[in-house]
Amino acid sequence: MGLDVRVKKRLKHFDLDISFSCPDGKIFVLIGPSGGGKTTIIRMIAGLERPDEGLIRYQDETWYDFSLKLCLTPQKRRLGYVFQEYTLFPHLTLYGNAAFAAVEKKQVNALLDFFGIAHLRDSKPHMVSGGERQRCAICQAVARQPRVLLLDEPFSALDVVTRRALREELKSLQGIRSIPIIYVTHDINEALYLADEMLTIVEGKVDMEWMERMAARKDAAGKLPKVAREPRLTLVY
Amino acid sequence: MWVSLKLAVVTTVALIVLAAPTAYLLAYTRFPGKTFVEALVNLPLALPPTVLGFYLLMVMGPKRPIGQGWEWLTGDALLFTFAGIAAAAVIYSIPFAVQPMKAAFQKIDRRLIESAYVLGLSPFKAFIRVILPNSLSGITASAILVFLHSLGAFGVLLMVGGSIPGETRVASIAIYEAVESMNYRDAGIMSLSFIPVCYLFLLLINRLNRD
């Protein structure tokens, strides 16, 4: 059970051809270089883009089936989707945003509390920091009680410290949910920290060797000190 | 003056309601012949008011389908009535309502709308709950333009409404007629009354914008 995805789509520079399944309660990480089609996959799961062919199923409900010419609208899929940045509604307060599609209004305050932004509930998104905005975006998605949670590089625009804090919050949040979470990133550390399962996507195809190549490059020391090549890694760990 | 104000208010309200869906279609959808529709929407801007008025006069006449339909509905003629000049003012001001709204709608981040869809909102609800509240400045701009434009309308109204006191004689026509009959005193008073009205209106809009 969980989410099954098998999609093909012709993109501008390459063809996307991916299949995977993500069980309930697991974090499934899609990793790979930018421009490799990861966001397109997420958008197809969300119903914002249509695959050329394939099948997307959640449990026993079909969301997309090429052979049946079936494609559910995003509204009917009931998922949570956190975009990279700037997707809170600017005219609403943080509370208004989190409660935007909440199933139970009571849960909203608890979520804001959990993410430590309850004191900002009456602030507008432009008045708070990037990390607080993304926390609120996660509250908004989770308050909807989604069946699948899609996170598309949700922390990529944040500083290292905030990222790490948010990562941990997300990981501890996962404990109380039992839904599949698809997480897109190009950051290997993030992937290793969060993933229950991982899929490497390069130019629209699964490429499990990409990780090894990246790791090998790191190990091929001698030419450049590691600190110089990956300063960010040494900061985090 | 009363007629002028009433006309401007009616036109503004009617056009905001009519222009919003039109602007939405032009901003977000693609359909064959869209450029032609867009040019048609802007046509009243390019045509001389008397030309527009002439065609409206032709279309709204009691022997034409639109004039007849109106008469059948309300039992009243369309030409030389307030309803007639209101319809004319609405058509005359369409581009002034549609363009700022369209620009405001286009400025909204596409991802906000997608986010609303994913959160379960139908396109109509997303329009009401996300697009409209985030394009208030564009809608206000539309309202100002339409209000002032219909307050100053002259040629079109004269063609379809004539100058019936209390019904179709708007201030701009009354001023013209007063000047024609050398009655400069009345023309002066009426002209002067425009200034505080327009000024107050702008102050009000400014205030609304700030909130």
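Asks: Break down the packing of helix H1 (residues 2-28) of chain B against helix H8 (residues 136-151) of chain B for me, with residues and values.
Replies: Residue and element names in this part refer to chain B. Close contact between H1 and H8 brings their axes to 8 Å; oriented N to C, the two are set at 145°. Both H1 and H8 take part in a crossing whose hand is right-handed. On the side of H1, the interface is formed by Ser4, Leu5, Leu7, Ala8, Val9, Thr11, Thr12, Leu15 and Ile16, while H8 contributes Ile139, Ser142, Ala143, Val146, Phe147, Ser150 and Leu151. The residue makeup of the contact of H1 with H8, split by class, is 11 nonpolar, 5 polar and no charged.

Asks: So what about the packing of helix H3 (residues 49-60) of chain B against helix H5 (residues 82-107) of chain B? Which residues, and what values?
Replies: All names here are of chain B. Put simply, H3 and H5 touch, their axes get as near as 11 Å, and they point 135° apart. The orientation of H3 with respect to H5, classified from their angle, is oblique. Considering the relative orientation of H3 and H5, their crossing is right-handed. Taking contact as the criterion, the partners of Pro49, Leu52, Leu56 and Met60 in H3 are, on H5, Gly84, Ala88, Ile91 and Tyr92. When its residues are assigned to classes, the contact of H3 with H5 shows 7 nonpolar, 1 polar and no charged.

Asks: Lay out the pattern of salt bridges with the relevant residues and their values.
Replies: Within this structure, the stated rule accounts for 13 salt bridges over all chains. Residue Arg185 of chain B pairs with Asp186 of chain B through a salt bridge whose shortest N-O separation is 3.9 Å. Relative accessible area serves as the criterion here: at 62%, Arg185 of chain B is assigned to the exposed category. Relative accessible area serves as the criterion here: at 32%, Asp186 of chain B is assigned to the partly exposed category. Among the charged side chains, a salt-bridge network with shared partners connects Arg163, Arg167, Asp187 and Glu190 of chain A.

Asks: Describe in detail the sheet that holds strand E3 (residues 27-31) of chain A, supporting the description with residues and values.
Replies: Residue and element names in this part refer to chain A. Pairing is mixed across the open sheet formed by 6 strands, whose spatial order is E7-E8-E9-E3-E10-E11. Looking at which strands have only one partner, the edges of the open sheet turn out to be strand E7 (79-82) and strand E11 (205-206). Judged from the 5 bridges that link them, E3 and strand E9 (residues 181-185) form a sheet pairing that is parallel. Bridge pairing links Val29 to Tyr183 in E9. Running over the sheet, helix H5 (residues 130-143) touches E7 and strand E8 (148-152) and is turned about 170° from E7.

Asks: How would you summarise the sheet that holds strand E1 (residues 3-10) of chain A if you had to cite specific residues and measurements?
Replies: Residues and elements named next belong to chain A. What the 5 strands build is an open sheet, ordered E2-E1-E4-E5-E6; its pairing is antiparallel. The sheet is open, and its two borders are formed by strand E2 (15-22) and strand E6 (70-71), each paired with just one other strand. The pairing of E1 with E2 spans 8 bridges and is classified as antiparallel. Its bridge partner being in E2, Asp4 is matched across the sheet by Ser21.

Asks: Help me get a handle on the side chain of Glu190 of chain A, residues and values and all.
Replies: Residue and element names in this part refer to chain A. Locating Glu190 in the fold gives a position in helix H7 (residues 188-194). The exposure class assigned to Glu190 is buried, which follows from its relative accessible area of 1%. When neighbours within four sequence positions are excluded, Glu190 is seen to be in contact with Phe155, Arg163, Arg167, Tyr183 and Thr185.

Asks: How would you summarise unusual backbone geometry if you had to cite specific residues and measurements?
Replies: Even without being glycine, Glu153 of chain A reaches a positive phi, approximately 40°. Secondary-structure assignment places Glu153 of chain A in the loop between E8 and helix H6 (160-174). One non-glycine residue with positive phi stands out, namely Phe80 of chain B, at about 60°. Relative to the helices and strands, Phe80 of chain B is located in the loop between helix H4 (65-74) and H5.

Asks: Can you lay out the packing of aromatic side chains for me, pointing to particular residues and giving the numbers?
Replies: Counted according to the given criterion, the structure contains 12 aromatic pairs over all chains. Seen from their ring centres, Tyr28 of chain B and Phe105 of chain B are 6.5 Å apart, and the 15° between their planes marks the pair as stacked. Within this pair, whereas Tyr28 of chain B is found in helix H1, its partner Phe105 of chain B is found in helix H5, the two being separated by 77 residues in sequence. Owing to a relative accessible area of 0%, Phe105 of chain B belongs among the buried residues under this scheme. Through pairs of rings, three or more aromatic residues link up here, namely Tyr24, Tyr28, Phe105 and Phe127 of chain B. Its end group placed over the ring of Phe66 of chain A, Lys69 of chain A keeps NZ or CZ at 5.5 Å from the ring centre. Sitting above the plane of the Tyr193 of chain A ring, Lys171 of chain A keeps its charged end 5.6 Å from the centroid.

Analysis parameters
Residues numbered from 1 in each chain as written. Chains lettered and ligands numbered in written order. Predicted model: local features only at pLDDT ≥ 70, side-chain atom pairs only at ≥ 80, totals over all residues. Heavy atoms only, no water. Axes fitted to C-alpha atoms, helices over the stretch in contact; angles between N-to-C directions. Helix = DSSP H or I, 4+ residues; strand = E, 2+ residues; numbered from the N terminus. Left-handed = near helix turned anticlockwise from the far one by under 90°. Contact = heavy atoms within 4.5 Å. Nonpolar A, V, L, I, M, F, W, Y, C, P; charged D, E, K, R; others polar. Parallel < 35°, antiparallel > 145°, perpendicular 65-115°, else oblique. Salt bridge = Lys/Arg side-chain N within 4 Å of Asp/Glu carboxyl O. Buried < 20%, exposed > 50% of the residue type's maximum accessible area, 1.4 Å probe, protein only. Pairing = 2+ DSSP bridges. Phe/Tyr/Trp six-rings, centres within 6.5 Å; stacked < 30°, edge-to-face > 60°. Lys NZ or Arg CZ within 6 Å of the ring centre and 35° of its normal.

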